Amino acid sequence: MRRRELTLSILAIFGSLIGAAGLILLTVFDTLRYPTAHRIFLLVFIVGVALSAIFTVIEYRWISKGFREVRKLKIAYIMKAVIAGILILLAIAFAVTLFLAPDVGGMSVSSSAEQHRGL
């Protein structure tokens, strides 16, 4: 394996570890008691997954230059790039929506707090 491919693989794994840590912490800090921490760890999860996808796509691109079945690999990394692009666009849309309307959804923070207390 070439040094560049190894570096991109390590960066993709590092991005996935960031995403995994964000997901674990996201489950620990719920929106009822820790709304700010929950949003921060949601951002950490999204950034980690996006970094992993980006480095994977770049790695596929470099591998394809010296690979026998270039056509199959090219289709694979284009599809991965499309998925990564959609992920990033949806994350941006989610962040904008969360910033503009923080209490949108089935329940607001006040009503879920009342339900939690049994009111």
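If you're wondering where the values come from, they're calculated on a predicted model, not measured in any experiment. (Residues numbered from 1 in each chain as written. Predicted model: local features only at pLDDT ≥ 70, side-chain atom pairs only at ≥ 80, totals over all residues. Heavy atoms only, no water.)

**A word on the packing of aromatic side chains**
Centre-to-centre distance and the angle between the planes together describe a pair of aromatic rings.
Part 1 of the reasoning: Applying the stated rule across the entire model yields two aromatic pairs.
Part 2 of the reasoning: Aromatic pair F29 and Y34: ring centres 5.1 Å apart, planes at 85°, arrangement edge-to-face.
Part 3 of the reasoning: Classification of Y34 as partly exposed rests on a relative accessible area of 37%.
Part 4 of the reasoning: Linked through ring pairs, F29, Y34 and F41 together constitute an aromatic cluster. (Phe/Tyr/Trp six-rings, centres within 6.5 Å; stacked < 30°, edge-to-face > 60°. Buried < 20%, exposed > 50% of the residue type's maximum accessible area, 1.4 Å probe, protein only.)

**As for the pattern of salt bridges**
Part 1 of the reasoning: Evaluated as defined, the whole model comprises one salt bridge.
Part 2 of the reasoning: R33 is the salt-bridge partner of D30, the closest N and O atoms lying 3.0 Å from each other.
Part 3 of the reasoning: Under the relative-accessibility criterion, D30 is labelled partly exposed at 24%.
Part 4 of the reasoning: Residue class for R33 comes out exposed when judged on its relative accessible area of 57%. (Salt bridge = Lys/Arg side-chain N within 4 Å of Asp/Glu carboxyl O.)

**Focus on helix 3 (residues 70-100)**
Part 1 of the reasoning: Between its first and last C-alpha, helix 3 extends 45 Å over 31 residues, near the 45 Å set by a 1.5 Å rise per residue.
Part 2 of the reasoning: For helix 3, every residue scored as buried is listed here: L73, Y77, A84 and A91. (Helix = DSSP H or I, 4+ residues; strand = E, 2+ residues; numbered from the N terminus. Expected span 1.5 Å × (residues − 1).)

**Quick notes on the side chain of S52**
Part 1 of the reasoning: You can see S52 is positioned in helix 2 (residues 35-64).
Part 2 of the reasoning: Look past the residues within four positions of S52 in its chain and what remains in contact with it is A12, G15 and S16. (Contact = heavy atoms within 4.5 Å.)

**Quick word on the nonpolar core**
Part 1 of the reasoning: In terms of nonpolar packing, the biggest core is built from five residues, these being L26, F41, L42, I46 and A91.
Part 2 of the reasoning: For L26, the contacting residues outside a window of four places in its chain are H38, F41 and L42. (Core = buried A, V, L, I, M, F, W, Y, C linked by side-chain atoms within 4.5 Å.)

**Considerations on the layout of surface pockets**
Over the atoms, a rolling probe the size of a water molecule traces out where space has been left empty.
Part 1 of the reasoning: Space inside the second largest pocket adds up to approximately 250 Å³.
Part 2 of the reasoning: Together, 14 residues line the second largest pocket, and L43, I46, A91, F94 and A95 are the ones closest to its centre.
Part 3 of the reasoning: For the lining of the second largest pocket, the secondary-structure elements that each account for two or more residues are helix 2 and helix 3.
Part 4 of the reasoning: Examining the composition of the lining of the second largest pocket, we find that eight residues originate from one element, helix 3, more than from any other.
Part 5 of the reasoning: Considered class by class, the residues forming the lining of the second largest pocket number 13 nonpolar, no polar and one charged. (1 Å grid on protein atoms, 1.4 Å probe; cavity = no way out; pocket = protein on both sides within 12 Å on 5 of 7 lines; lining within 4 Å. Points joined across faces, edges and corners; volume = space filled by probe spheres on them. Nonpolar A, V, L, I, M, F, W, Y, C, P; charged D, E, K, R; others polar.)

**Comments concerning helix 1 (residues 3-28)**
Part 1 of the reasoning: Look at helix 1: 38 Å from first C-alpha to last across 26 residues, which is about the 38 Å you get at 1.5 Å a residue.
Part 2 of the reasoning: For helix 1, the set of buried residues is E5, L8, S9, A12, G15, G19, G22 and L26.

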